[in-house]
Amino acid sequence: MRLELDPTTQSAVIGQAADFTLLLTGEGDIRELTVSNVELDGAVTDEWQGRSWQDTADPAGRRKIEEAIAGARAGAGKAIECDIVHSLSDGSELPIQYHLIYLVGSDELLAFGRDLRPLVNLRQQLLNAQQALEQDYWRLRQVETRYRKLFDMVDDAVLVIDEASGRVLEANPGANELLGAGSSVVGKPFPQGLDPRSVNAVNKLLEETRSVGKGSLSSVYASGSGQRLAINASFLRQAGESRFLVRIAAFGEGESGAPSSEQFMQETLREAPDAVVLTDPDGRVLAANKAFLDLAQLVTEEQAVGHSADRWLGRSGVDLSVLLTNLRQNDVVRLFATTLRGESGARAEVEISAASLNDLQQPMIAFFVRDIGRRIGSENPATQQLPRSIE
């Protein structure tokens, strides 16, 4: 059964499916206008009624309208699709997708349109996203290129190690030469290329680095050549993945790989049995050795760096002020008796000797702290404390 509808009824039915409907004369004049989308009320107005459909479009749209009307009349009831951009009175544009049908027997045309602005906005957002992704892609390519160039140019061995598997993910040519004898070490477990006595030390270094974020060793030896190496490691966590960044440097060019006097001095101070603290001229800690960390009951050097030394040194803040004042006048202070307070409340009697290091690029003060709590005094000789049988 075929349902026959008059043009006005057809316009009303189709108007419910379209954003708006135009009933046109055979020449393309707008006879009736029905708007069903409230968002178009300000754009498609009753002023269109009685005007030529072509007059509402831009120049390119006028040609499309002529072709659509001719095609609809020739198609005799077949829908013709066309996209038209209308020029509105406020200077803005309104893109509309039309389906145009020629109503046989009435010499009229029915055009029902769908607002394309939401689709245009989505396409614009997609284009903006694509352009942003392309810019980010090329930016990352440039960063990666620079990273690769620097990675390969560094003379020291540099490795990126997967924390979970312990295997080398990336290695520069220096690392392949030092640890792999010229062959690639990527994909192989770390440590390798080191003598057996150094492997345990490096494993402990990685464990320490996992806990505190960074660590270093200067008593590691390459297998075969016995060359002495220094290792610095950092722990990186990003996007759910954990990595070790390891840099390995060789000591000098000598046959025995002996460290320079400056490197020897740094290692000696770090491993010294007495506490050593470096501060700025105002007394803020720049570095501290292991002995000081033990006395101050600290786990890592980072807990001390940046804090004023009087947090641990001195019976009060006055002691540090006295030390700093004397150092400004004399550059050296010897055997200053005071107290060192640990983080957990423990106290130790100490002697402090200090020196101003003014010849450096960054002026510093070196504090040498010795625990004298267990020192045996001359007034209490050991023989007086021993049982008579031992005497």
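This structure is a prediction, so every number in the text was calculated from the model and none was measured.

Participant: Which residues make up the overall build of the protein chain, and what values go with them?
Facilitator: Within the protein chain, the secondary structure is distributed over nine helices and 15 strands. Within the protein chain, the proportion of its 391 residues that are buried is 34%. Nonlocal contacts in the protein chain, meaning residues at least 24 apart in sequence, comprise 40% of its contacts between residues at least 6 apart. Summed over all atoms, the accessible surface of the protein chain reaches about 23700 Å², with 50% contributed by carbon and sulfur.

Participant: So what's going on with the pairing of strand β12 (residues 285–288)? Residues and values would help.
Facilitator: With three bridges joining them, strand β11 (residues 275–279) and β12 adopt antiparallel strand pairing. Paired with L278 across the two strands is A287, which belongs to β12. Taking the residues that link successive antiparallel strands as the turn, the β11-β12 hairpin has five residues, and the phi of G283 there is positive, at about 95°.

Participant: Requested: an account of the nonpolar core, with residues and values cited.
Facilitator: If you look at the biggest cluster of nonpolar residues, it comprises 26 residues, and the most contacted ones within it are F292, W312, L313, I352, F367 and V369. Every element with two or more residues in this core is listed here: β11, β12, α7 (290–295), α8 (317–330), β13 (332–341), β14 (347–357) and β15 (364–371). In this structure, A57, I69, I96 and A111 belong to the second largest nonpolar core, which totals 25 residues.

Participant: I'd like a rundown of the side chain of S52, residues and numbers included.
Facilitator: Inspection of the secondary structure assignment puts S52 in the loop between β2 (30–35) and α2 (59–75). In contact with S52, not counting residues within four places along its chain, are G28 and D29.

Participant: Go over the sheet that holds β14, please, and point to the residues and values.
Facilitator: Strands sit in the order β12-β11-β15-β14-β13 across an open sheet of five strands; the sheet is antiparallel. Every interior strand has two partners, whereas the edge strands, β12 and β13, have only one. The sheet shows a mean angle of 30° between the axes of neighbouring strands, taken without regard to direction. By the bridge criterion, eight bridges tie β14 to β15 in an arrangement that is antiparallel. Across the sheet, residue S356 finds its bridge partner in β15, namely I365.

Participant: Residues and numbers for the packing of aromatic side chains, please.
Facilitator: With the rule as written, the count across this model stands at six aromatic pairs. Each ring, one from F20 and one from W48, has its centre 6.2 Å from the other, and the planes form 85°; the classification is edge-to-face. Linking F20 in strand β1 (residues 20–25) with W48 in the loop between β2 and α2, this pair joins segments that are 28 residues apart in sequence. The same class applies to F20 as to W48, namely buried. A ring pair is formed by W53 and Y98, whose centres lie 5.0 Å apart and whose planes are at 80°; its orientation type is edge-to-face. With a gap of 45 residues between them, W53 in the loop between β2 and α2 and Y98 in strand β4 (residues 93–103) connect regions that are remote in the sequence. Judged by relative accessible area, Y98 falls into the buried class, the value being 0%. One aromatic cluster in this structure is built from F20, W48, W53 and Y98.

Participant: Describe the sheet that holds β1, listing the residues and the values that go with them.
Facilitator: The strand order across the open sheet built from five strands is β2-β1-β5-β4-β3, with neighbouring strands paired in antiparallel fashion. Single-partner strands in this sheet number two, and they are β2 and β3 (80–87). In this sheet, neighbouring strand axes are inclined to one another by 25° on average, regardless of whether the strands run parallel or antiparallel. Sheet analysis places β3 next to β4, joined by eight bridges and oriented antiparallel. When the bridges of β4 are listed, D83 appears paired with Q97. Seen against the sheet, α2 touches β3, β4 and β5 (108–115) and runs at an angle of roughly 155° to β3.

Participant: So what's going on with the pattern of salt bridges? Which residues, and what values?
Facilitator: One pass over the structure, following the stated rule, counts 14 salt bridges. D115 is the salt-bridge partner of R117, the closest N and O atoms lying 3.0 Å from each other. R117 gets classed as partly exposed once you look at its relative accessible area, which sits at 28%. We classify D115 as buried; its relative accessible area is 8%. Across the pair R243 and D162 runs a salt bridge, and its minimum N-O distance is 2.8 Å. Here D162 lies in strand β6 (residues 157–162) and R243 lies in strand β10 (residues 241–250), a separation of 81 residues in the sequence.

Calculation rules
- Residues numbered from 1 in each chain as written.
- Predicted model: local features only at pLDDT ≥ 70, side-chain atom pairs only at ≥ 80, totals over all residues.
- Heavy atoms only, no water.
- Helix = DSSP H or I, 4+ residues; strand = E, 2+ residues; numbered from the N terminus.
- Buried < 20%, exposed > 50% of the residue type's maximum accessible area, 1.4 Å probe, protein only.
- Contact = heavy atoms within 4.5 Å.
- Areas by Shrake-Rupley, 256 points an atom, 1.4 Å probe, with all protein chains shown as cover.
- Pairing = 2+ DSSP bridges.
- Core = buried A, V, L, I, M, F, W, Y, C linked by side-chain atoms within 4.5 Å.
- Axes fitted to C-alpha atoms, helices over the stretch in contact; angles between N-to-C directions.
- Phe/Tyr/Trp six-rings, centres within 6.5 Å; stacked < 30°, edge-to-face > 60°.
- Salt bridge = Lys/Arg side-chain N within 4 Å of Asp/Glu carboxyl O.

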